[in-house]
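Overview (structure and organization)
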Amino acid sequence: MKATVPLLESGGEALTTHFYKLLLDEHPEVQPLFNQAHQASGEQPRALANGVLMYAKHIDRLEALGPLVGQIINKHVALQVLPEH
Ligand code: HEM
């Protein structure tokens, strides 16, 4: 996990941009959940890249993530993301 940090720092956003493109192309049924403006502005891929980077950096000290995890959980629960997703 720690070894991926430099890669995530330089290329994390490119990775998550590609991830969302695949996700939305291959699973169009989840598209209505997503705010298209957040994809277009790059906000969504940036948020995911940041989340993954923070996890990788603090994998041995998860309390350092502070409120990040709770915020992500609240977002998904509010948007009704389901276990099958
Ligand atoms: C490992 C699993 C996942 C991680 C780490 C993750 C991470 C994130 C992060 C960091 C955000 C941004 C939160 C914010 O803006 O405060 C987000 C938003 C979101 N996530 Fe996830 N997510 C995961 C799985 C999923 C799944 C399975 C779905 C459903 C298909 C999903 C749907 C969404 C939606 C709809 C948003 C809001 C997008 C918007 O603002 O338009 N996520 N996610």
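Structure first, text after, so check above.
In this report, we go over the structure that sits alongside the text.

1. Structural notes on unusual backbone geometry
Positive phi, normally seen in glycine, also occurs at Gln 80, with a value near 60 degrees. Residue placement: Gln 80 occurs in the segment after α4 (68-78). Classification of Gln 80 as exposed rests on a relative accessible area of 59%.

2. Overview of the pattern of salt bridges
Under the definition given, this model contains four salt bridges. One salt bridge connects Asp 25 with Lys 21, and the closest N-O pair in it is separated by 2.7 Å. Of this pair, Asp 25 and Lys 21 both sit in helix α1 (residues 5-26), four residues apart, roughly one helical turn.

3. Describing helix α3 (residues 43-57)
Compared with the 21 Å implied by 1.5 Å per residue over 15 residues, the 21 Å span of α3 between its first and last C-alpha is a close match. Among the residues making up α3, those that are buried are Pro 45, Ala 49, Gly 51, Leu 53 and Ala 56. Elements in contact with the buried residues of α3: α1, α2 (36-40) and α4.

4. Observations concerning the packing of α1 against α3
Two numbers describe how α1 lies on α3: the axes approach to 8 Å, and their chain directions differ by 140 degrees. In terms of orientation, α1 lies oblique with respect to α3. Here α1 and α3 pass one another in a crossing that is right-handed. Each of Val 5, Leu 8, Glu 9, Gly 12, Glu 13, Thr 16, Thr 17, Phe 19 and Tyr 20 in α1 lies in contact with α3, whose residues at this interface are Gln 44, Pro 45, Arg 46, Leu 48, Ala 49, Val 52, Leu 53, Ala 56 and Lys 57. Tallied by class, the residues present in the contact of α1 with α3 amount to ten nonpolar, four polar and four charged.

Cut-off values and rules
- Residues numbered from 1 in each chain as written.
- Predicted model: local features only at pLDDT ≥ 70, side-chain atom pairs only at ≥ 80, totals over all residues.
- Heavy atoms only, no water.
- Helix = DSSP H or I, 4+ residues; strand = E, 2+ residues; numbered from the N terminus.
- Buried < 20%, exposed > 50% of the residue type's maximum accessible area, 1.4 Å probe, protein only.
- Salt bridge = Lys/Arg side-chain N within 4 Å of Asp/Glu carboxyl O.
- Expected span 1.5 Å × (residues − 1).
- Contact = heavy atoms within 4.5 Å.
- Axes fitted to C-alpha atoms, helices over the stretch in contact; angles between N-to-C directions.
- Parallel < 35°, antiparallel > 145°, perpendicular 65-115°, else oblique.
- Left-handed = near helix turned anticlockwise from the far one by under 90°.
- Nonpolar A, V, L, I, M, F, W, Y, C, P; charged D, E, K, R; others polar.

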